Amino acid sequence: MRIVTIVGARPQFVKAAVLSRLIREQKAHERDGIEEILVHTGQHYDANMSEVFFAELEIPAPGHHLGIGSGSHGQQTGRMLESIEKVLMETKPDVTLVYGDTNSTLAGALAAAKLHIPIAHVEAGLRSFNRRMPEEINRVVTDHLSTWLFAPTEAAVSNLRREGRPEETIHLVGDVMFDAALHAAQLASGQILEKLQLPSRGYILATIHRAENTDDRARLCNILEAFQILSKSLPVVLPLHPRTRSVLRTEKTLERLAADLRILEPVGFLDMVALEQAARLIVTDSGGVQKEAFFHRVPCVTLREETEWVELVELGWNRLMPPADARAIVAAVNAELESNRVRSTPSELYGGGKAGQRILDMLQQKQASR
Ligand code: UD1
Ligand code: UDP
């Protein structure tokens, strides 16, 4: 079976590393010629947004690097579509594997669908029900083009059923990011904590990158003001996404903020895991980081109106706080810091670290029965 995997953005390297490792292990033991060709669209290209993940997670160098880079949605997706189509026509895969909800996901799915190549979508069925998010459009379209819908949660399965996706295409497998977190927890060292002199459970870890927060001046100001207030009682560590850095540079606020906040360049995945594990609390608008907070049993406040990972809100691990007001963000964070609430941690949630293997098994079974 020949699989072409399309990746391009930071969270996709983390997710793809899981299956890529399993495919290589299987290939080493097997006769039936399973093969993965990795295609990097180049959506993320800074060394600390891309290369570091390949090195730390031992992902082989991509077979095709398309070098697309940044651009408006149409421009970026269009360029990807053209280049991915060429690769798919050349490589003729049995399946195209796409992850998550970025423009790289959408371009991969569209290119494959038009060439009648079956698509496997990992992280299918997630919905924010907010069509103003580019990610929501990417997810809905990709799910409606895919042959295999690998859903991470029961909620995702329900969403796919509600949208009328055929039952035989929907598979509840768990979340590959949980597999990734378990793997990384064995590799992560605490060196970054020593380097930054951060006491365990003595700081807040924050990440902000979502367009709805970075590109809305009022929301971004509220978030940063809240971080500044919070930093008076606990250090606030902020590995800064390049999108956010570029907005702050334009606004000329970076230097002023750096006096109060511990602003870092984006960190590698293993350092990120170490920072998450030892944080007292995480504040984020990232999809992946919300879940990693739970994987490492750290309470989280998510600066959005809604989340795709609704189960974490229901279990009390995640609290939604739309960034409409700095004081309200501070109050929500303080309430979580002071809470003695017992949060439940069902062991079956997110698939117990076996999502990657389930996906691979299903793809191979289907391939064998074709
Ligand atoms: C993308 C995804 C988002 C995901 C995020 C993960 C889409 C629509 N969005 O958002 O779902 O959560 O990745 O991090 O696909 N930039 C750099 N260097 C880089 C990459 C980006 O400087 O290596 C800057 C550029 O100014 C660029 C901006 O960041 O214009 C935004 O990058 P882009 O990939 O378009 O979107 P993200 O915000 O990263
Ligand atoms: N991440 C990282 N370094 C950072 C920030 C995030 O390694 O400085 C990891 C994080 O642990 C998670 C993934 O990147 O695995 C999440 O990516 P991001 O927040 O950019 O995107 P999202 O998950 O929101 O799509």
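To be clear, the structure that these remarks concern was listed above.
Residues numbered from 1 in each chain as written. Chains lettered and ligands numbered in written order. Predicted model: local features only at pLDDT ≥ 70, side-chain atom pairs only at ≥ 80, totals over all residues. Heavy atoms only, no water.

Colleague: Any chance you could break down the packing of aromatic side chains for me, citing the residues and the numbers?
Modeller: Scanning all chains against the criterion turns up eight aromatic pairs. Note on Phe 295 and Tyr 350: the rings are 5.7 Å apart at their centroids and 85° apart in plane angle, and the pair reads as edge-to-face. Separated by 55 residues along the polypeptide, Phe 295 in helix α14 (residues 287-295) and Tyr 350 in the loop between α16 (326-338) and α17 (355-368) bring together distant segments of the chain. You'll find Phe 295 and Tyr 350 in the same group, each marked buried. Geometrically, the ring pair formed by Trp 309 and Tyr 350 is edge-to-face, given 5.9 Å between the ring centres and 65° between the ring planes. Of this pair, Trp 309 sits in the loop between β12 (300-302) and α15 (310-314) while Tyr 350 sits in the loop between α16 and α17, and the two are 41 residues apart along the sequence. By the burial criterion, Trp 309 is buried, and Tyr 350 matches it. Pairwise contacts between aromatic rings join Phe 178, Phe 294, Phe 295, Trp 309, Trp 317 and Tyr 350 into one cluster. (Phe/Tyr/Trp six-rings, centres within 6.5 Å; stacked < 30°, edge-to-face > 60°. Helix = DSSP H or I, 4+ residues; strand = E, 2+ residues; numbered from the N terminus. Buried < 20%, exposed > 50% of the residue type's maximum accessible area, 1.4 Å probe, protein only.)

Colleague: An account of unusual backbone geometry is needed here, citing residue identities and associated values.
Modeller: Residue His 116 is not a glycine yet carries a positive backbone phi of 60°. Tracing the chain through its elements places His 116 in the loop between α4 (103-114) and β5 (119-122). Owing to a relative accessible area of 74%, His 116 belongs among the exposed residues under this scheme.

Colleague: If you had to explain a nonpolar patch on the surface to someone new, which residues and values would you point to?
Modeller: Taken together, Ile 137, Val 141 and Leu 145 make up a surface patch of nonpolar side chains, about 190 Å² in accessible area. Inspection of the secondary structure puts Ile 137 in helix α5 (residues 134-145). Of the residues examined, Ile 137 reaches a relative accessible area of 40% and is grouped as partly exposed. (Patch = residues over 30% accessible without salt bridge, like charges linked within 9 Å, V, L, I, M, F, W, Y side chains within 5 Å. Areas by Shrake-Rupley, 256 points an atom, 1.4 Å probe, with all protein chains shown as cover. Salt bridge = Lys/Arg side-chain N within 4 Å of Asp/Glu carboxyl O.)

Colleague: Provide a residue-level description of the nonpolar core, including the pertinent values.
Modeller: One recurring pattern in soluble globular proteins is that nonpolar side chains are buried together. Ile 3, Val 122, Phe 150, Tyr 350, Ile 359 and Leu 363 are the most contacted members of the largest nonpolar core, which has 54 residues in total. For this core, the leading source of residues is helix α1 (residues 10-29), giving eight residues. Ile 208, Leu 281, Ala 332 and Val 333 belong to the second largest nonpolar core, which has 29 residues in total. (Core = buried A, V, L, I, M, F, W, Y, C linked by side-chain atoms within 4.5 Å.)

Colleague: For the site of ligand 2, give the residues involved together with the corresponding values.
Modeller: Lining the immediate surroundings of ligand 2 are 19 residues, of which Arg 210, Val 267, Ser 286, Gly 288 and Glu 292 lie closest. Here an oxygen atom of ligand 2 and a side-chain polar atom of Glu 292 are 2.6 Å apart. Contact with the protein chains covers 95% of the free accessible surface of ligand 2, which is 530 Å². Taken together, the elements giving at least two residues each to the shell around ligand 2 come down to α1, α13 (269-278) and α14. Examining the composition of the shell around ligand 2, we find that four residues originate from one element, α14, more than from any other. Looking at the shell around ligand 2 residue by residue, the classes come out as ten nonpolar, five polar and four charged. (Near = heavy atom within 4 Å. Polar contact = N/O pair within 3.5 Å; in protein donor to acceptor, adjacent residues only side chain to side chain. Nonpolar A, V, L, I, M, F, W, Y, C, P; charged D, E, K, R; others polar.)

Colleague: Outline the site of ligand 1, listing residues and values.
Modeller: Surveying the vicinity of ligand 1 reveals 19 residues, the closest of which are His 44, Tyr 45, Asn 103, Glu 135 and Arg 243. Separating an oxygen atom of ligand 1 from a side-chain N or O atom of His 44 is a distance of 2.7 Å. At 3.1 Å, a side-chain N or O of His 241 approaches an oxygen atom of ligand 1. Among the secondary structure elements, those contributing two or more residues to the shell around ligand 1 are α3 (73-91) and α11 (242-251).

Colleague: Describe the sheet that holds strand β3 (residues 64-65), naming the residues involved and giving the relevant values.
Modeller: The seven strands are arranged β3-β2-β1-β4-β5-β6-β7 in an open sheet whose pairing can be described as parallel. Edge positions in the sheet fall to β3 and β7 (170-172), since each has one partner strand and no second. As judged from the four bridges shared by strand β1 (residues 2-7) and strand β4 (residues 95-99), these two strands associate in the parallel manner. Looking at β4, one finds that Ile 6 is bridged to Val 98. The strands touched by helix α6 (residues 154-162) within the sheet are β6 (148-151) and β7, with β7 carrying the most contacts at an inclination of about 170°. (Pairing = 2+ DSSP bridges. Contact = heavy atoms within 4.5 Å. Axes fitted to C-alpha atoms, helices over the stretch in contact; angles between N-to-C directions.)

Colleague: Give a detailed account of the environment of Asp 260, specifying residues and quantitative values.
Modeller: Within the secondary structure, Asp 260 is located in the loop between α12 (254-258) and β10 (262-264). Measuring from C-alpha to C-alpha, the distance between Asp 260 and Lys 232 comes to 8.2 Å, with 28 residues separating the pair along the chain. Setting aside residues up to four positions removed in sequence, Asp 260 forms contacts with Gln 228 and Ser 231.

Colleague: How would you sum up the sheet that holds strand β8 (residues 204-207)? Please name residues and give values.
Modeller: If you walk across this open sheet you meet the six strands as β10-β9-β8-β11-β12-β13, and the pairing is parallel. Each edge of the open sheet carries a strand with a single partner, namely β10 and β13 (318-320). Across the sheet, the mean angle from the axis of one strand to that of its neighbour is 20°, orientation sign disregarded. As paired elements, β12 and β13 share three bridges and run parallel to each other. By the bridge assignment for β13, Cys 300 is matched with Asn 318. Its contacts with the sheet put helix α10 (residues 217-230) on β8, β9 (236-239) and β11 (281-284), and the angle it makes with β9 is roughly 140°. Relative to the sheet, α13 contacts β8, β9, β10 and β11, its axis offset from that of β8 by approximately 135°.

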